[in-house]
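Listed below, chain by chain, are the residues.
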Amino acid sequence: MSPRMRLLNPGPVSLTERVRQALTLPDLCHREEDFAVMQREVRAGLESVYTGAERHSAVMLTGSGTAAVEAMVGSLVQRSGRALVVANGVYGERMAAMLDAQGKQFEIVRSDWKKDLDLGVAERALSTGAFTHVLTVHHETTTGRLNDVAGLGALCVRYETPLLLDAVSSFGGELIELEKWNIEALAATANKCLHGVPGVSFVLARREALERPSGATSVYLDLARHWKEQRSGWSPFTQSVQCVYALREALAELRDEGGWSARHDRYAARMASVRAELAELGVKHFLDDGESRSSVILNAFVQPENVSYPVLHDRLKEKGFVIYAGQGPYQGKMFRIAVMGDLSERDITELRTALREVITVASKTV
Ligand SMILES: *Cc1c(COP(=O)(O)O)cnc(C)c1O
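Undergrad: Can you explain the packing of helix 3 (residues 65–76) against helix 4 (residues 90–101)? Please cite residues and give values.
TA: Here helix 3 crosses helix 4 at 50 degrees, and the two axes come no closer than 10 Å. When the interaxial angle is binned, helix 3 and helix 4 end up oblique. Relative to helix 4, helix 3 is oriented so that their crossing is right-handed. In this structure, helix 3 uses T66, V69, E70, M72 and V73 to contact helix 4, whose residues at the interface are R94, M95, M98 and L99.

And the structure:
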């Protein structure tokens with residue numbers, strides 16, 4: 001018999017029973033009034049996860065987090081625009097790839113993926129006044145780094161350039177300051193820190209930006225079109241009804257549990273416990289500046305020399321835990337652990353035991 005799978009990958013997350021039950025609600029057509037009512041409720045819920053979103057409206061999309069990022073970048077950067085991408089990982093590179101695919105002008109400021117955003121170079125670029133938008137990633141899931149978006153946001157304010165933020169893996173679990181960081185829009189998803197099911201993603205955008213002529217080079221991913229219909233409750237295309245049921249329940253659960261900051265604290269406690277266990281086992285944190293710059297959501301650790309990633313993954317999976325591999329240049333060199341979703345204190349204790357068993361047993365067999 002296989003044990004309950006506890007997902008420690010960066011989404012989708014292990015569901016609570018409450019959210020899972022919401023998937024079995026009655027069948028519903030997305031063009032009925034009942035759906036319009038639910039969609040308004042869910043959009044209002046998304047707009048109230050953080051304070052300070054008075055100027056922003058939520059637009060929901062059927063698709064994974066990438067769909068929301070691509071809709072945001074495609075629609076809000078106009079065809080005549082020029083974007084500055086500030087990147088230090090896979091997801092920053094992906095935003096640049098989207099601009100490239102859309103045939104838009106952009107420049108990219110790269111830093112070493114183990115370091116923070118290069119604000120010095122970004123400032124020099126912004127001071128030329130040549131850019132209509134700045135694009136970056138809040139929590140770079142590649143390494144678990146929580147980027148200095150406060151610092152970049154301050155530059156966006158100083159140079160009056162709006163920020164488009166990939167907040168897919170931080171929304172609901174880390175602090176986001178919409179006005180202070182000059183966030184014109186952010187993109188996120190149902191199935192990471194919000195604990196919903198995969199299939200719905202969304203953009204929170206300033207209404208004035210949604211009302212400008214759309215830069216969309218795609219029919220489906222045109223935010224302005226979705227926004228126009230969703231304001232009156234409708235939707236241009238089929239919505240993932242069951243996923244919306246689940247998201248509504250997940251948002252209610254988030255509120256009942258004390259909102260994003262209480263969730264942040266819970267993740268922080270889980271992650272501190274995981275870090276402590278791995279430190280005891282001699283497993284090093286992957287980031288040079290270590291734990292202080294990591295999110296509480298996901299951390300990356302150096303792959304121990306005496307156990308390969310596939311062995312670590314498979315042994316942990318036998319014990320009911322799914323961890324995540326390093327991407328790109330980090331494949332085989334690191335592993336990642338995320339602590340979102342329905343995890344009890346007991347799950348974390350069992351995870352610590354499992355890590356100890358797998359890592360020390362592997363060391364002994366060398
Ligand atoms: C998960 C994630 C995405 C979107 O990934 P999907 O697989 O499309 O949901 C985008 N950006 C970041 C930072 C992510 O962690």
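Okay, back to it.
Undergrad: Which residues make up unusual backbone geometry, and what values do they have?
TA: With an omega of -5 degrees, the peptide bond between G11 and P12 qualifies as cis. Looking at where P12 falls in the secondary structure, it is placed in the loop between strand 1 (6–7) and helix 1 (17–22). Positive phi outside glycine occurs at N182, with the angle close to 55 degrees. Tracing the backbone shows N182 in the loop between strand 8 (163–166) and strand 9 (183–189). Residue N182 is classed as buried on the basis of its relative accessible area of 13%. The phi angle at H195 is positive, at roughly 65 degrees, despite the residue not being glycine. Of note, H195 is situated in the loop between strand 9 and strand 10 (200–206).

Undergrad: Explain the pairing of strand 5 (residues 133–137) residue by residue, including any values.
TA: It is a general feature of regular strands that their side chains alternate between the two faces of the sheet. Judged by how many residues are buried, strand 5 sits mostly within the fold: five of five residues are covered. The alternating pattern of strand 5 places H133, L135 and V137 and V134 and T136 on opposite faces, both of which are buried. Here strand 3 (residues 82–87) runs beside strand 5; their pairing, made up of four bridges, is parallel. Looking at strand 5, one finds that A83 is bridged to H133. Where strand 5 lies against strand 8, four bridges are found, and the strand directions are parallel. Directly across from L135, in strand 8, lies its bridge partner L164.

Calculation criteria
- Along each chain, residue indices are assigned from 1 in the same order as the chain's sequence is written.
- Restriction of local features to residues with pLDDT of at least 70 applies here, the model being predicted, together with a cutoff of 80 or more for giving and counting side-chain atom pairs; totals for whole chains, interfaces and linings are based on all residues.
- Hydrogens are left out, water is left out, and the side-chain values use all remaining heavy atoms of the structure.
- Only the stretch in contact is used when fitting a helix axis, every axis being a line fitted to C-alpha atoms; angles between N-to-C directions are given from 0 to 180 degrees.
- Secondary structure elements are defined from DSSP: runs of H or I of at least 4 residues count as helices, runs of E of at least 2 residues count as strands, and each element is numbered from the N terminus.
- When describing relative orientation, an angle under 35 degrees is termed roughly parallel and one over 145 degrees roughly antiparallel, while 65 to 115 degrees is termed roughly perpendicular and anything else oblique.
- Left-handed describes a crossing whose near helix is turned anticlockwise from the far helix through less than a right angle; right-handed describes the clockwise counterpart.
- Contact between two residues is taken to exist if any of their heavy atoms lie within 4.5 Å; hydrogens are not considered.
- For each residue, the accessible area found with a 1.4 Å probe, counting protein chains only, is set against the maximum for its type, and the residue is called buried under 20%, exposed over 50%, and partly exposed in between.
- For two strands to pair, DSSP has to find at least two bridges joining them.

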